[in-house]
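Summary of the model geometry
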Amino acid sequence: MMSPVLGAVLLTLALWGGAVAFAPIGGDASTHVSITGTALLEKVRETCWRVAESSGHEFNPTGNSPEELVQACLGPTATGEVSAAKFRSALNEIYVQNGLVDRDFINSPPHHFNNEAFLEGRGLITEGVASIKANIRNQNFQAARETLGRVLHVLQDFYSHSNWVELGFKEPYVNLIRPDLPLENLAEEDAATCSDCASGTCPNPILPNILQEKKLTSGYMGIFSDAKPKGKCSHGGAADLTSTVVPRGGISKDERRPDNEAFHTAAVNLATSASLQLLEDIRGAAGDKDFLRMVGIARASVVCFVIDTTGSMSDDIAEVRRLVHQIIDTTKGTQDEPSEYVLVPFNDPKFGPITRTADGDVMKDKVSKLTAKGGGDLPEMCLSGLQLALTGAPASSQIYVFTDATAKDIALKDTIVALIRSTKSTVNFFITGSKRRRRRSLEARSFNDYRELSLASGGQFIEVSKSQLPQATDIILDSSTSALVTVLQRDRSAGRESFPFVLDGSLTNVTLYMTGKAISFTLTNPEGVIQRQSELSGNLGTIQTVGNLWRIRLNADKLPGTWQIDIVTSHPYTLKVTGQSVITFIYNFVEAFQGPHPGYAVITGRPKAGQPATLLLSVMGKKGADSVSIEYVGLGMVSGAEAMSSGSTTDMGNGDILVTVDRVPEGEFVVLLNGTDSVSGTNFQRQSTTQMSVSKVAIEAAVDSSLEPGKTFSLPFSVMTQGSAGTYSITAKNDRGFAMDYPPSLSLTSGQYANATLTITPPGNTPSGTDVTLTIEAKSSSGGGGADSNYAVLRLSVVSKITDFVPPLCDIVSVQAENCPEDLSRCEPFNWELSANLTDGNGTGIERLTLRRGNGTLQNTGLDAPSIQATYNASCCSQIVEFIAVDKVGNVGKCYHSIIHHPDSSGPPASALSRPALWLCLVVSAFVARL
């Protein structure tokens, strides 16, 4: 059901030669993405409303845009701007994985509930939900999102590909997400289920006896063969070879047609309701705050330190400790308060463990316990620590590395580059040490590897002495913001050059950074006012210099328009211009795939050389996508000559843009964006930070199941080159150090995929919910500049086998509410009380009891008892109570009671947020998959 395409009829016609094979987004069609988006946003809105209610503030978005939804959800009283980029990115990850089921598992009946594979399809849902819950428990939100997208696809396909709708059911089949309940009344293997339909468009070809007996069946799908059991229904459609075999036709409700309009609509409604049920179950197991973090409702600022703890680093550790305390204390309660803190220590031979926490006090405690000891041989395990940070921190994080030694594990460099490109995180290096130690380090190996990594990520490479470090770390305070954007970044070898850049009215805290030696510069504003490097406090801003770093903080009254900085030096240097603004964009490189449901997939490695590059962008503004207009999108070089390639664009609406660049720059490039902001009435300029390049090598691999502790997991993968045939080396690394086996090389023929298998074995004591980031790289044997390579980055989850699927039970024993008056105006002096028993039978035991609704007090006896007594006391003014019990594997049970004498009508206030327009403003950001 629902193939991933990019959603517009115009685009469909352009791509597929005029054959209207895919439903457009909106209108009278529904897609996997629109169904998923509707369910997600409804659940997000409900959760935000509940969190706001429990926090004592109103949930009242100022408009319909996702930016305003995020602002209202994170707290309308918090000062500062908040970006919606993390929210949009999280939703896109879910949509992308949902759509990829049609590419990666095109011929797998369980993934689509085809061929009556009901038990196997539910097995995929059961395993996936267990993985999602375990990952959220361990704060592995990206892994949870990716699995959620795939699970939702499978669940939604049931309602389009089975005869549940034709049987007249009006509610979702809850047994699909309740593995403790049996799948009932399945059609027998030898039972005929459909009548012949020569036209292929019969309204309901299900046999009368199947309908009467309420037998559950689904259509058979033949992509490579027309074989199907005698008398069985087909899926239908031109791609289904079985649809021409009697009984002909099909029962798929993927598209709205004149003959199936009512069934299609019913399937859409049921798929949406079922998605909401699944999301509610996950929300109950996760808790409201972690559920919102899983879907990206979090401030974008993340503080991540990777720090050398060898004996010479005591000054650096003290500075990091001071910084952490300052960031936590000064940003608390604002939109710039970090959503997560990450700390990774390293020395030699040890690195880690990683600390990840949303609690500032925990971070303070961890940093206070850092001590400098050992060392002496200079090279340390820096890149191993950085690898932990890149795989453990959220995507698009700012990572700060502190060291005074070169990397002993330089063999990880290619893996680090792959992770940087995959996560789009920015890595900043602070290199410290005495001149004597630095000179000895340079004799062993240059720090240039660190410089190259920082440049690849869009970060800074800063060299200072130990005593100068406190003056250089202002850059960390600058970037600890929820709405950081890059206006311009350039890298040059030497010389004289002018760099114009556009500042818009939404930008605040605009800062210019330069790294290099013996730099002379002149800064000019739109009115021609200038300031030179010798004027530390001038008409345009304040200049600081320390080590190789120049920092220019523009005055708050800066003018919007075109600025220019002229730089002269005989040494290599970098320039970066940043600021705070909610005007930003996210992007992915995508490629087309064919099959019965053609579409586009996100490229996890480097785009293919020798063909146009295709990008999908989502643009955000202060009042949503409608408040900005895009005038230019292209690819540009950061280093060397100013080479730019403009792209042709297709406006998908709501800020989503498909961009095709015919001529891709040779070498490393970034995405450039110019437009106009209607709120400030000024032009804006933005740039991505992560550098990318193309490759003639391609790697394909797909994961759809979790690993089990102590058991070997096999992962098939394929490698192809459009370049020279020959032997290509294969390298694989994972961030957990799990044992792996794979071929060290593959012999490739140009234009043909070579297949291989990688095995990975997590130790038997691996905690359930552990995520593993696996990087596979293929590299040609050509040396020097002739070598070509590409990579695939995959997220895997380790989940212990679960046998407990029974949720905790709630038995309400008594309710004492006789004193509560019917007239709510008189409720203030009166209270009511509820008592309940909660049990988990022979399950794993209740782990958490949480009050979901109600302003009263919930108390309970010890959770380790077989039966738990819970007592709830509240004012008669608070008339509804709901609390949930979650067992140790994430099964959720609910207690609900109302003393209201009329049906419960409380809930999130109706607003424009519930209109389809909001749903659609997000769903087009990734792929559209046909229902």
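For the structure, see preceding data.
Now for a quick tour of the structure. (Residues numbered from 1 in each chain as written. Predicted model: local features only at pLDDT ≥ 70, side-chain atom pairs only at ≥ 80, totals over all residues. Heavy atoms only, no water.)

Describing the overall build of the protein
Summing up its helical and strand segments, the protein has 19 helices and 41 strands in all. Computed over C-alpha atoms, the radius of gyration of the protein comes to 29 Å, within 12% of the 30 Å expected from 2.2 N^0.38 for 931 residues, which places it in the range of a compact globule. Along the longest, intermediate and shortest principal axes, the C-alpha atoms of the protein span 90 × 75 × 55 Å. Taken over 931 residues, the protein has a buried fraction of 58%. Considering only intrachain contacts with a sequence separation of at least 6, the fraction spanning at least 24 residues in the protein is 74%. The averaged location of the 96 negative side-chain charges in the protein is 5 Å from the averaged location of its 78 positive side-chain charges. (Helix = DSSP H or I, 4+ residues; strand = E, 2+ residues; numbered from the N terminus. Rg over C-alpha atoms; globule rule 2.2 N^0.38 Å. Buried < 20%, exposed > 50% of the residue type's maximum accessible area, 1.4 Å probe, protein only. Contact = heavy atoms within 4.5 Å. Lys, Arg positive; Asp, Glu negative; His and termini not counted. Charge placed at Lys NZ, Arg CZ, Asp CG, Glu CD.)

Details of the sheet that holds strand β11 (residues 520-524)
Taking strand neighbours across the sheet as the criterion, the four strands line up as β9-β15-β11-β12 in an open arrangement whose pairing is antiparallel. Strand pairing shows two members of the sheet lacking a second neighbour, β9 (495-503) and β12 (530-532), which therefore form its edges. When the angles between neighbouring strand axes are averaged without regard to direction, this sheet yields 15°. (Pairing = 2+ DSSP bridges. Axes fitted to C-alpha atoms, helices over the stretch in contact; angles between N-to-C directions.)

Points about the pairing of strand β37 (residues 857-860)
Taken together, the four bridges between β37 and strand β38 (residues 867-875) define a ladder with antiparallel strand orientation. Along β38, the bridge assignment pairs Q859 with T871. Counted along the chain from β37 to the antiparallel partner β38, the turn is six residues long.

Let's talk about helix α4 (residues 85-104)
Taking 1.5 Å of rise per residue, the 20 residues of α4 would be expected to cover 28 Å, and the 27 Å separating its terminal C-alpha atoms lies within 8% of that figure. Counting buried residues in α4 gives 17 out of 20 residues, a clear majority hidden from the surface. (Expected span 1.5 Å × (residues − 1).)

Regarding the nonpolar core
As a rule of thumb, soluble globular proteins bury nonpolar side chains together. Counting residues in hydrophobic clusters, the biggest one holds 63 residues, and the most contacted among them are L148, F158, Y159, L278, M294 and I297. Listed by contribution, the elements that provide at least two residues to this core are α2 (32-55), α3 (66-74), α4, α6 (118-137), α7 (141-161), α9 (261-286) and α10 (288-294). Not counting residues up to four positions away in its chain, the partners in contact with M294 are A90, I136, F141, A144, R145, L148 and I282. Membership of the second largest hydrophobic core comes to 52 residues, among which are C304, L419, V659 and M692. (Core = buried A, V, L, I, M, F, W, Y, C linked by side-chain atoms within 4.5 Å.)

Some points on the sheet that holds strand β36 (residues 846-853)
Here we have three strands laid out as an open sheet, ordered β36-β39-β40, and antiparallel in their pairing. Lying at the two open borders of the sheet, with one neighbouring strand each, are β36 and β40 (892-898). Averaged over all pairs of adjacent strands, the angle between their axes in this sheet comes to 15°, without regard to strand direction. Pairing of β36 with strand β39 (residues 880-887), which is carried by six bridges, proceeds in the antiparallel orientation. Residue pairing across strands places L849 opposite A885, the latter belonging to β39.

Considerations on the pairing of strand β15 (residues 561-569)
In the sheet, β9 pairs with β15 via nine bridges, with the strands oriented antiparallel. By the bridge assignment, L503 is partnered in β15 with G561. In the sheet, β11 pairs with β15 via five bridges, with the strands oriented antiparallel. Bridge assignment links T522 to a residue of β15, and that residue is D566.

Things to note about the packing of aromatic side chains
Here the structure, examined in full by the defined rule, presents 19 aromatic pairs. Relative to Y159, the ring of F158 lies with its centre 4.9 Å away and its plane at 85°, an arrangement referred to as edge-to-face. Assessed through its relative accessible area of 0%, F158 is described here as buried. On the basis of an interplanar angle of 5° and a centroid distance of 4.9 Å, the ring pair of F402 and F430 is categorised as stacked. Taken together, the residues F402 in strand β5 (residues 398-403) and F430 in strand β6 (residues 426-431) connect sequence positions 28 residues apart. Both residues of the pair, F402 and F430, count as buried. Three or more aromatic residues link up through ring pairs in this structure, and these residues are F113, F118, F158, Y159, W164, F169 and Y173. Sitting over the ring of F169, K214 keeps its end group 5.1 Å from the ring centre. One cation-aromatic arrangement involves K424 over Y587; the distance from NZ or CZ to the ring centre is 4.8 Å. (Phe/Tyr/Trp six-rings, centres within 6.5 Å; stacked < 30°, edge-to-face > 60°. Lys NZ or Arg CZ within 6 Å of the ring centre and 35° of its normal.)

Some points on α6
Taking 1.5 Å as the rise per residue, α6 with 20 residues should run 28 Å; its terminal C-alpha atoms sit 29 Å apart, in good agreement. With respect to burial, α6 is a largely interior element, 14 of its 20 residues being buried. Q139 sits one or two positions beyond α6 and adopts a positive phi of about 65°.

Section: the pattern of salt bridges
All chains considered together, the criterion is met by 47 salt bridges. The partner of E53 in a salt bridge is R50, and the shortest N-O contact between them spans 3.7 Å. You can see E53 and its partner R50 sitting in helix α2, three residues apart, about one turn around the helix. Judged by relative accessible area, R50 falls into the buried class, the value being 8%. Notably, a salt bridge pairs R551 with D478, separated by 2.8 Å at the nearest N-O pair. With R551 in strand β14 (residues 549-554) and D478 in helix α18 (residues 474-479), this residue pair connects regions lying 73 residues apart in the sequence. Looking at D478, the relative accessible area reads 12%, which means it is buried. Each of the salt bridges in this network shares a partner with another, and the network as a whole consists of K43, E46, E280, R283, D288, R852, E882 and K894. (Salt bridge = Lys/Arg side-chain N within 4 Å of Asp/Glu carboxyl O.)

What about the packing of α2 against α9?
Axis separation between α2 and α9 bottoms out at 9 Å; the angle between their running directions is 40°. In terms of orientation, α2 lies oblique with respect to α9. For the crossing formed where α2 meets α9, the hand is right-handed. Contacts between α2 and α9 involve I35, T38, A39, L40, E42, K43, E46, T47 and R50 from the first element and V268, A271, T272, S275, L276, L279, E280 and R283 from the second. (Parallel < 35°, antiparallel > 145°, perpendicular 65-115°, else oblique. Left-handed = near helix turned anticlockwise from the far one by under 90°.)

Overview of the state of the cysteines
Here, disulfide denotes a covalent bond that connects the sulfur atoms of two cysteines. Counted according to the given criterion, the structure contains six disulfides. Covalent S-S linkage joins C820 and C876, the inter-sulfur distance amounting to 1.9 Å. One quick way to see it: the torsion about the S-S bond of C820 and C876 is about -70°, and its sign makes the bridge left-handed. Of this pair, C820 sits in the loop between β34 (809-816) and β35 (831-839) while C876 sits in the loop between β38 and β39; the two residues are 56 residues apart in sequence, bridging distant segments of the chain. Across this residue pair, the class does not change: C820 and C876 are buried. Taking only the cysteines that form disulfides and numbering them from first to last, the protein has the pattern 1-2, 3-6, 4-5, 7-12, 8-10, 9-11. Considering cysteine sulfurs only, C382 is the nearest to C304, which forms no disulfide, with 12 Å between them. (Disulfide = S-S within 2.5 Å.)

Focus on the environment of P338
Among the structural elements, P338 can be located in the loop between α11 (314-331) and β3 (340-346). Using a relative accessible area of 2% as the deciding quantity, one classes P338 as buried. With 545 residues separating them in the primary sequence, P338 and F883 have C-alpha atoms 30 Å apart.

A short note on the environment of T542
Tracing the sequence through the fold places T542 in strand β13 (residues 541-546). In this structure, the C-alpha to C-alpha distance between T542 and G311, residues 231 residues apart in sequence, is 36 Å. With near-sequence residues (within four places) excluded, T542 lies in contact with L536, R551, I552, R553 and N555.

Focus on the environment of A117
Along the polypeptide, A117 turns up in the loop between α5 (109-112) and α6. Each C-alpha atom of the pair A117 and I603 lies 31 Å from the other, and the pair is 486 residues apart in sequence. Residues in contact with A117, not counting those within four places in the same chain, are P109, P110 and S218.

What to know about unusual backbone geometry
For the bond from V246 to P247, the omega torsion is 0°, close enough to zero to count as cis. Within the secondary structure layout, P247 lies in the loop between α8 (208-212) and α9. Cis geometry is adopted by the peptide bond preceding P349, which originates at D348 and carries an omega value of 15°. Position of P349 among the secondary structure elements: in the loop between β3 and β4 (355-357). If you check the backbone angles, N509 has positive phi at about 50° while not being a glycine. If you trace the backbone, N509 turns up in strand β10 (residues 508-516).

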